[in-house]
Amino acid sequence: MADSLNTTKRDAGLYTATAIDHIPVLRDRLKNAFRTGRTKEIQFRRQQLLALAYLVKDNMALFQQALACDLGRSGTETIVLEVGSTLSEVMDAYHNVAKWSKPERARWSLNWFAVNPTIAGAIAAGNACVLKPSELTPTYSALLAELLPKYLDPELYTVINGAVQETARVLELQWDHILFTGGSRVASIVLTAAAKTLSPVSTELGGKCPVIVDSNCDFKCAARRLMWGKTTNAGQTCTAPDYVLIPKGSVDKFIQACKDVLNGFYPEGAESSNSFSRIISPSHFARIKALLDHTQGEIVFGGSTNAGTKFIEPTLVRGVKGDDSLMGEEIFGPILPIVEVENIDEAIEFVNARDHPLALYVFSSNSTFKKKVAENTQSGSVVMNDTVVQTVVDGLPFGGIGPVDFSFDMFTHLRSTLDSPSFMERFLWMRYPPYNVSWRCIER
């Protein structure tokens, strides 16, 4: 499956908002279908899960084309970030739904998913559900609306497309559960509206995921894995490393290693590379550029932007302080602030003085160093010597603390931990740009 996909096969012009008056009709249709009881049957759930797996498998190229159109994203990134892990999760649910649905396991009923996470868990638990994908990815959202009724029972699973007006109408209705993934500003709107109808809400809000780098680490491997996590989808993932805390004496070595990696990822520059995505919308481009324009730090790599194509170059900024513009909010883009610290204690204090992150990354060869960070911080997950991969590891819980909590046991936190040794590079090489390999094997 080549990376240079023909994106002209699909375009954002296929995107159509759901008629506002039709939204309550869709909700009532799902509720009535749910009340027939057919989702209680394990065999029905397995049938729908298998259909979902075929939806993904049969349409890989179309999903790649849609996201290439919306984000300028490489087809390989779409396989790595979403298709592979989605298929794995769906088939895991398919094989385990009977065990998961024993009487001691609680089930949800009628759900609204504000974005499009894997719906395998919702189907396996016996739900009817609505997906509301982002209007900022119109090609992808249109594709999802087209495909879902072709594979899944349309009376139980549907898509609502649209922007503010359509979302507002959805939120006026009562739902048995709402799952929202996105930013804190919109989350507050969702939570306020849901409170009026007493609809329970789970949120996954991301945040600023810190990276603590020990002077005792493999800098070449650390830079490669960190910059991969930062540049994947142009930094627009909720688990992307947001900023680096590193001892002052190691900053120059670390920056040089990152520069070498970025020059290797994008030999002709990121702007001309088919392995680097674009920012999702003009408003988000402007927001990220403003953060960069107002930084008091020193740009030591990158920094170029192009508003016309929503391009922001992978950028390293050193000498960043805690009150810098780059530290005021989640960057959600390819800019990496580098904060210098005296020692591990200052790094831990810096992390603990801020909101609990969805993920915390540590690069070190010292087991005592890693243990100290893990035992003295709080985060959704803690990953040693890698970034972002915790979201695609089979069986590893994924969630957060406080505003980023997304778990069934809301009052007990299962903190996932992953340590990825350097020798694994021999197996992980294919995830790094430039992308020029075939991924046909995933179709088998």
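Residues numbered from 1 in each chain as written. Predicted model: local features only at pLDDT ≥ 70, side-chain atom pairs only at ≥ 80, totals over all residues. Heavy atoms only, no water.

## Some details on the nonpolar core
Grouped together as the largest cluster of nonpolar side chains are 69 residues, with contacts concentrated most on M227, L245, F254 and L316. In terms of residues, this core owes the most to one element, helix α10 (residues 251–265), which gives 8 residues. Each residue touching M227, except ones within four places of it in the same chain, is listed here: C258, V261, L262, F265, L316 and L336. Membership of the second largest hydrophobic core comes to 54 residues, among which are I23, L26, V83 and L152. (Core = buried A, V, L, I, M, F, W, Y, C linked by side-chain atoms within 4.5 Å. Buried < 20%, exposed > 50% of the residue type's maximum accessible area, 1.4 Å probe, protein only. Helix = DSSP H or I, 4+ residues; strand = E, 2+ residues; numbered from the N terminus. Contact = heavy atoms within 4.5 Å.)

## What about helix α4 (residues 75–100)?
Y94 marks where α4 bends most, by close to 45°. With a side-chain oxygen lying 3.1 Å from the backbone nitrogen of T76, the N-terminal cap of α4 falls on S74. (Bend = angle between axes of the 7 residues up to and from the residue. Polar contact = N/O pair within 3.5 Å; in protein donor to acceptor, adjacent residues only side chain to side chain.)

## Quick word on the packing of helix α12 (residues 344–352) against helix α13 (residues 367–375)
When two helices pack together, their arrangement is captured by the angle between the axes and the distance separating the axes. Interhelical geometry of α12 versus α13 gives an angle of 25° and a closest axis separation of 10 Å. By the angle class used here, α12 and α13 are roughly parallel. Between α12 and α13 lies a crossing whose hand is right-handed. Of the residues in α13, those in contact with I344, D345 and I348 of α12 are F369, K372 and V373. A class-by-class count of the residues in the contact of α12 with α13 yields 4 nonpolar, no polar and 2 charged. (Axes fitted to C-alpha atoms, helices over the stretch in contact; angles between N-to-C directions. Parallel < 35°, antiparallel > 145°, perpendicular 65-115°, else oblique. Left-handed = near helix turned anticlockwise from the far one by under 90°. Nonpolar A, V, L, I, M, F, W, Y, C, P; charged D, E, K, R; others polar.)

## Looking at the confidence of the model for the chain
For the chain, per-residue confidence averages 87 on the pLDDT scale, and 86% of positions sit at 70 or higher. Taken together, the stretch residues 104–109 has pLDDT below 50 and engages in 15 contacts with residues farther than four places along the chain or on a different chain. Between residues 401–413, whose pLDDT stays under 50, and residues either more than four places distant or in other chains, the model counts 27 contacts. (pLDDT = per-residue confidence, 0-100.)

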